[in-house]
Amino acid sequence: MTQSTQAISPLRQRMLDDMRMRKLSPKTQSDYIRAVRRFAEFLGRSPDTATDEDLRLYQLFLVNYGISAISLNATINGLKFFFDVTLHRPELMDKMQYVPVPHKLPVVLSCDEVARIIAATTSLKYRAALSLAYGAGLRISEVAALKISDIDSQRMVLRIEQGKGHKDRYALLSPLMLDSLRAWWKFARAQGKMPNGGWLFPGQNPINPLSTRQINRAFHAAAEAAHIDKRVSMHTLRHCFATHLLEQRTDVRLIQVLLGHKKLETTALYTHVATEILRKVISPLDALPPS
């Protein structure tokens, strides 16, 4: 038995077992454990001794601290699992309330800005990773989880295994994207960093994939080098993929399939940021007869 295993309390172990039984993703498990741990720190005692009033005061504390609506709701999700499933005491969550999340339009870069970011990357690995995120509309976790076997150059598609919502799908693989991946593969093979059948973007230890943190760090460094002054992240490239396709008059239902969205309403958000389409709309004022 390892030292880390010995340090896990029976209560935490039970919660971990409950989450594994329901096959929650590793990230969700980590988020839920973190939510309960921070509540216990606020409480100053074991979380299984909490009352509904303790939980109400904790939500008030988080709101006063300035936590975002998304983070607050995520915290409530973690605590709800703990009290509903692990402790079988759902009534304790009665005084914690989800809050509405403001719907903000995503930041979208121009094609020139995206090209500048990709060109500003410092290595073939990160250039290929960022090119994939934009060219196929992938989430950062999907980029990191790609294996060499996921590339189908005959059908020109990428196989995305167990994306968000535990769903498999196929993504777009363009000729330029394939050239970028082949250049990276040849370089990595020559350096002895690309085991057969392994990760497309191996980490420092090739047994593990490149972490999302490393990809994020490379993206922000490239954005800074490209003098992008907008508030952007790796997910911005996915927004740009959808928006630029829409501006090319690609059917929104096809974009929905490529992104792996469950609901069309989610994809339709990009109609609000497709400025090229807006520029082509003639205002009713301009259509009036001259006075």
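Residues numbered from 1 in each chain as written. Predicted model: local features only at pLDDT ≥ 70, side-chain atom pairs only at ≥ 80, totals over all residues. Heavy atoms only, no water.

Q: Outline the state of the cysteines, supporting the account with residue identities and numerical values.
A: Under the counting rule described, the total for this entry stands at zero disulfides. You can see Cys240 has no disulfide; the closest cysteine sulfur is in Cys111, sitting 8.3 Å from it. For Cys240, a relative accessible area of 0% puts it in the buried group. (Disulfide = S-S within 2.5 Å. Buried < 20%, exposed > 50% of the residue type's maximum accessible area, 1.4 Å probe, protein only.)

Q: Got a sec to walk through the environment of Thr266? Specific residues and values, please.
A: Along the chain, Thr266 falls in helix 13 (residues 264-268). The partly exposed category is assigned to Thr266, whose relative accessible area is 39%. In sequence terms Thr266 and Phe187 are 79 residues apart; their C-alpha atoms lie 38 Å from each other. (Helix = DSSP H or I, 4+ residues; strand = E, 2+ residues; numbered from the N terminus.)

Q: Talk me through helix 4 (residues 52-65); I want residue IDs and the actual numbers.
A: Counted at 1.5 Å a residue, the expected span for helix 4 with its 14 residues is 20 Å, and the 20 Å between its end C-alpha atoms agrees. Taken as a whole, helix 4 has its buried residues at Asp54, Leu55, Tyr58, Gln59 and Leu62. Buried residues along helix 4 cover an arc of 140 degrees about the axis, so they all sit on one side. Here the buried face of helix 4 lies against helix 3 (26-43) and helix 5 (69-86). Phi turns positive, to about 100 degrees, at Gly66, one or two residues after helix 4. (Expected span 1.5 Å × (residues − 1). Arc of directions from axis to C-beta. Contact = heavy atoms within 4.5 Å.)

Q: Hey, could you go over the side chain of Arg139 for me, with residue numbers and the actual values?
A: Mapping Arg139 onto the fold places it in the loop between helix 7 (124-135) and helix 8 (140-144). The exposure class of Arg139 is buried, given its relative accessible area of 13%. Within the structure, Arg139 has its side chain in polar contact with the side chain of Glu142 (distance 2.7 Å). (Polar contact = N/O pair within 3.5 Å; in protein donor to acceptor, adjacent residues only side chain to side chain.)

Q: Go over helix 10 (residues 212-225) with me, naming the residues and quoting the values.
A: With 14 residues, helix 10 should reach 20 Å at 1.5 Å per residue; the first-to-last C-alpha distance of 20 Å fits that figure. Among the residues of helix 10, Ile215, Ala218, Phe219, Ala222 and Ala223 are the ones counted as buried. With its buried residues spanning 135 degrees around the axis, helix 10 presents them on a single face. Turned more than 90 degrees away from the buried face of helix 10, the exposed residues are Arg213, Arg217 and Glu224. Contacts made by the buried residues of helix 10 are with helix 6 (111-119), helix 7, helix 8 and helix 11 (234-247).

Q: I'd love a proper account of the packing of helix 7 against helix 11, names of residues and values included.
A: Relative orientation of the contacting elements helix 7 and helix 11 amounts to 40 degrees, with a least axis distance of 7 Å. As the angle between them shows, helix 7 and helix 11 are arranged oblique. On helix 11, the residues touching Leu130, Ala133, Tyr134 and Gly135 of helix 7 are Met234, Leu237, Arg238, Cys240, Phe241 and His244. Grouping the amino acids of the contact of helix 7 with helix 11 by side-chain chemistry returns seven nonpolar, two polar and one charged. (Axes fitted to C-alpha atoms, helices over the stretch in contact; angles between N-to-C directions. Parallel < 35°, antiparallel > 145°, perpendicular 65-115°, else oblique. Nonpolar A, V, L, I, M, F, W, Y, C, P; charged D, E, K, R; others polar.)

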